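# A closer look at the structure
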Amino acid sequence: MQNFVFYLPTRIIFGAGTIDKVGTEAKALGRRAIIITGKRSASAFGIINRVTDYLEREGVAAVVFDKIEPNPRCRTIDAAGELARQNKCDLVIGLGGGSAMDAAKGVAVAALEARPLWDFVHHGGMPAKPITRALPIMEIPTLAATGSEADAGGVISNWETHEKAVLGSPLLFPKVSIIDPELTLTVPADYTADGGIDIICHVIEGFFAGADNTPIQDRFAIGVIKTVMENLPISLREPRNIDARANLSWASAVALSGMIGSGRDQAFPIHALEHSLSGHYDISHGRGLALLMPAIMEYSYKSRPAKYAMLAEELFDIHRDGRSDEELALAGIEAMKRFLASVGRLLTLKEIGITDNSRFEAMADDALRIYGVKGEYLGNPKPLYKQDILTIFGNLAE
Ligand code: NZQ
Ligand code: ZN
């Protein structure tokens, strides 16, 4: 295991009905809130009205910015920052999926800075400006997926350059996150499945890329993946099953909280390539991950067969029966593909609407520049150089 600092200063309030705490929690953080949310769902399902009512009862004024798109764009966030400035807001509330929550983190910075938010994003061009101040942030997830409710980062897209990259600082940890799984009951099947795959990828990436001798992290990761594999199919069959939704919500928060990733390498090759995909094609994050996960597993397992074999045995209860690590690893990958197929997420590029290969080269360059080690390769059991990335995209296009 590697040395690490574990720091999670977010107060987490969890449970069905806990949205009623938003007023009292907000009052401790500010007097004038800006609510950052998506274009439709929070308003369509009456959540904005509930939140503003609770705030009003506690004397917290609220202005709503409801123009955040999936894969939130830096220019939209700059506009929200301007609104926060005009209204002298002293608290940012992110209400929605990862896009709204990440945008809220961006607004917390943009509201206090004159320069564009993109200058603070680590996109591999000019060094990012350090974040030295941010408004206090409260996050209210309405979708179990990204873990933005319990981490210090946001993923921001630049639609002019098609880059998608990370805004990060300890100042961006939410002060409070209210995780009320009732708010996720309306999430449609496609985004429910995408969110589940995102949670799995948040822990499986560290499982494969991480250091040896991390038994707590490995077992924690397998526990999270098993929880998603049990509760995602239930949520798809019975969207209003609050117990299943609650388990997905808690899995989402735990996955990227640092509890599982600490003490081992933080290589995220599936995410790095997915951010290129959604940066160029504006697809759902979890759908892009679902496409890439088995492809990268198949490309990589021979470089770390024992760890892949461990996944087969401990996650899928596959017995060794005299097989080698590599044989067991392949059996585990096949089991993962069967699971993905069972939730409608064993996909091809064509099935997610990408029918040309004209951007593969730019996507590989972006992933390496933004997320690569010295810009040369993506960390992975088998390091992914440009040619490897082009081969992976090429295989997916067949
Ligand atoms: O936009 P609205 O109208 O709100 O609708 C959204 C959107 O269409 C809808 N939705 C959300 N809650 C709902 C709901 N529909 C019905 N009922 C509800 N309760 O779902 C759609 C997808 O929402 P979005 O926020 O885009 O999805 P997700 O939570 O998957 O977030 C994706 C973004 O988060 C980033 C991704 O890259 C992507 O930009 N990530 C953030 C991370 C982080 N902060 O640590 C880590 C992740 O790996 C990820 O990269
Ligand atoms: Zn993710």
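Note that residues are indexed from 1 along each chain, following the sequence as it is written. Labels are handed out in written order, letters beginning with A for the chains and numbers beginning with 1 for the ligands. Residue-level local features of this predicted model are given only where pLDDT is at least 70; pairs of side-chain atoms are given and counted only at 80 or more, and the full residue set underlies all totals for whole chains, interfaces and linings. Only hydrogens and water are set aside; all other atoms, that is, all heavy atoms of the structure, feed into the side-chain values.

## A word on the overall build of the protein
Along the protein, the regular secondary structure elements total 14 helices and eight strands. For a compact globule the rule gives 2.2 Å times the number of residues to the power 0.38, and the radius of gyration it is set against comes from C-alpha atoms. Its C-alpha radius of gyration of 20 Å places the protein within 12% of the 21 Å reference for a compact globule of 398 residues. The C-alpha extent of the protein, read off along each of the three principal axes, is 65 × 45 × 45 Å. The contacts in the protein between residues at least 6 apart in sequence include a share of 78% that link residues at least 24 apart. Reported accessibility uses the Shrake-Rupley method at a 1.4 Å probe radius. Residues are deemed covered only where the shown protein chains occlude them. When the accessible surface of the protein is split by element, carbon and sulfur atoms take 52% of a total near 16200 Å². For the protein, the distance from the average site of its 41 positive side-chain charges to the average site of its 49 negative ones is 4 Å. Secondary structure is summarised from DSSP: a helix means a run of H or I of at least four residues, a strand means a run of E of at least two, and numbering begins at the N terminus for each. Here, residues are in contact when the closest pair of their heavy atoms is within 4.5 Å. By the counting rule applied here, Lys and Arg register as positive and Asp and Glu as negative, while His and the ends of each chain are not counted. One atom stands in for each charge, and that atom is NZ of Lys, CZ of Arg, CG of Asp or CD of Glu.

## Examining the packing of helix 10 (residues 285–300) against helix 14 (residues 386–397)
Where helices are involved, their axes are fitted lines through C-alpha atoms of the stretch in contact, as for all axes, and angles between N-to-C directions lie from 0 to 180°. Where helix 10 meets helix 14, the axes come as close as 10 Å, and the angle between the chain directions of the two elements is 125 degrees. Between helix 10 and helix 14, the angle is such that the two are oblique. Seen from above, helix 10 lies across helix 14 with right-handed handedness. Residue-level inspection shows Leu291, Leu292, Ala295, Ile296 and Tyr299 of helix 10 in contact with helix 14, the latter providing Asp388, Thr391, Ile392, Phe393 and Leu396. Residues were grouped as follows: Ala, Val, Leu, Ile, Met, Phe, Trp, Tyr, Cys and Pro as nonpolar; Asp, Glu, Lys and Arg as charged; and all remaining residues, including Gly, as polar. The class makeup of the residues in the contact of helix 10 with helix 14 is eight nonpolar, one polar and one charged. Here the angle decides the label: under 35 degrees means roughly parallel, over 145 means roughly antiparallel, 65 to 115 means roughly perpendicular, and every other value means oblique. Two helices that cross are described as forming a left-handed crossing if the nearer one is turned anticlockwise from the farther one by less than a right angle, and a right-handed crossing if clockwise.

## What to know about the environment of Gly125
Examined against the element boundaries, Gly125 turns out to sit in the loop between helix 5 (98–110) and strand 5 (137–141). Exposure categories follow from relative accessible area, calculated using a 1.4 Å probe and restricted to protein chains: below 20% of the type maximum is buried, above 50% is exposed, and the middle band is partly exposed. Judged by its relative accessible area of 46%, Gly125 falls in the partly exposed class. On a C-alpha basis, the gap between Gly125 and Arg369 in space is 7.9 Å, while along the polypeptide they are 244 residues apart.

## Section: the nonpolar core
Counting 67 residues, the largest nonpolar core has Ile197, Ile200, Leu277, Leu292, Met293, Met336 and Phe339 as its most contacted members. The contacts of Ile200, once residues within four sequence positions are left out, are Ile225, Val228, Met229, Met293, Met336 and Phe339. If you look at the next biggest cluster of nonpolar residues, it comprises 29 residues, including Val63, Ile68, Ala103 and Leu135. As used in this record, nonpolar core signifies buried Ala, Val, Leu, Ile, Met, Phe, Trp, Tyr and Cys residues forming a set joined through side-chain atoms within 4.5 Å.

## Thoughts on the pattern of salt bridges
Note on definitions: salt bridges are taken to be side-chain nitrogens of Lys or Arg within 4 Å of carboxyl oxygens of Asp or Glu. Counting across every chain of the model gives 23 salt bridges. The closest approach of N and O atoms between Asp20 and Lys21, which form a salt bridge, is 3.3 Å. On the accessibility criterion, Asp20 (37% relative accessible area) is partly exposed. Looking at Lys21, the relative accessible area reads 35%, which means it is partly exposed. When the shortest N-O distance is used, the salt bridge between Arg133 and Glu113 registers 3.2 Å.

## Some words on the domain arrangement of the protein
As a measure of interface size, the accessible area lost when the parts come together is often cited. Note that domain bounds follow an automatic or database assignment of domains. Here the domain parsing of the protein yields domain 1 (11–184) and domain 2 (189–397). On a C-alpha basis, the centroid separation for the pair domain 1 and domain 2 is 26 Å. Of the residues lining the interface, 28 residues belong to domain 1; the matching set on domain 2 comes to 28 residues. Around 2200 Å² of area is buried between domain 1 and domain 2 when both sides are counted, 57% of it from carbon and sulfur atoms. Two parts placed together each lose some accessible area; with a 1.4 Å probe, that loss summed over both constitutes the buried area. The largest per-residue losses of area from domain 1 upon contact with domain 2 belong to Ala144, His162 and Lys164, which jointly make up 23% of the total buried on that side. Between Arg73 and Asp282 there is a salt bridge, with its nearest N and O atoms 3.2 Å apart. Any pair of nitrogen or oxygen atoms within 3.5 Å is treated as a polar contact; in protein, a donor-acceptor pairing is required on top of that, and neighbouring residues in sequence qualify only through side-chain atoms on both sides. Run the count over domain 1 and domain 2 and you get 11 residue pairs in polar contact (both at pLDDT 80 or more). Every element with two or more residues in the side of domain 1 that touches domain 2 is listed here: strand 1 (11–14) and strand 7 (163–168). The leading source of residues in the side of domain 1 that touches domain 2 is strand 7, at four residues.

## Quick look at the coordination of the zinc ion (ligand 2)
Shown as donors are all N, O and S atoms within 2.8 Å of a metal ion, widened to 3.2 Å for Na, K and Ca; because water is not in the atom set, sites may appear incomplete. Ligation of the zinc ion (ligand 2) by protein atoms is provided by Asp198 (OD), His202 (NE2), His271 (NE2) and His285 (NE2), these donors lying 1.9 to 2.2 Å from the ion. Expressed as a motif, the donor residue spacing for the zinc ion (ligand 2) is D-x3-H-x68-H-x13-H. You can see His202 sitting in helix 6 (residues 189–209) and its partner His285 sitting in helix 10, a full 83 residues away along the chain. Accessibility assignment for this pair places His202 and His285 in one class, buried.

## Notes on the packing of helix 6 against helix 8 (residues 242–255)
With their axes 9 Å apart at the nearest point, helix 6 and helix 8 run at an angle of 40 degrees to one another. In the packing of helix 6 onto helix 8, the handedness of the crossing is left-handed. Every residue of helix 8 that contacts helix 6 at Thr192, Ile199, His202 and Val203 is listed here: Arg245, Leu248, Ala251, Ser252 and Ala255. Of the residues that constitute the contact of helix 6 with helix 8, the class distribution is five nonpolar, three polar and one charged.

## Quick notes on the site of ligand 1
Only heavy atoms are used to decide nearness, and a residue is near a molecule or strand if one of them lies within 4 Å of it. Within the structure, ligand 1 sits among 32 residues, and Gly98, Ser99, Asp102, Thr142 and Asp151 are positioned closest to it. One of the side-chain nitrogen or oxygen atoms of Asn71 is found 3.4 Å away from an oxygen atom of ligand 1. The contact in question runs from a nitrogen atom of ligand 1 to an N or O atom on the side chain of Thr142, over 2.7 Å. Out of a free accessible area of 970 Å², ligand 1 has 91% covered by protein chains. Contributions of two or more residues to the shell around ligand 1 are made by helix 5, strand 6 (153–158), helix 6 and helix 9 (269–281). By residue class, the composition of the shell around ligand 1 is 11 nonpolar, 15 polar and six charged. For the shell around ligand 1, the domains that each give at least three residues are domain 1 (11–184) and domain 2 (189–397).

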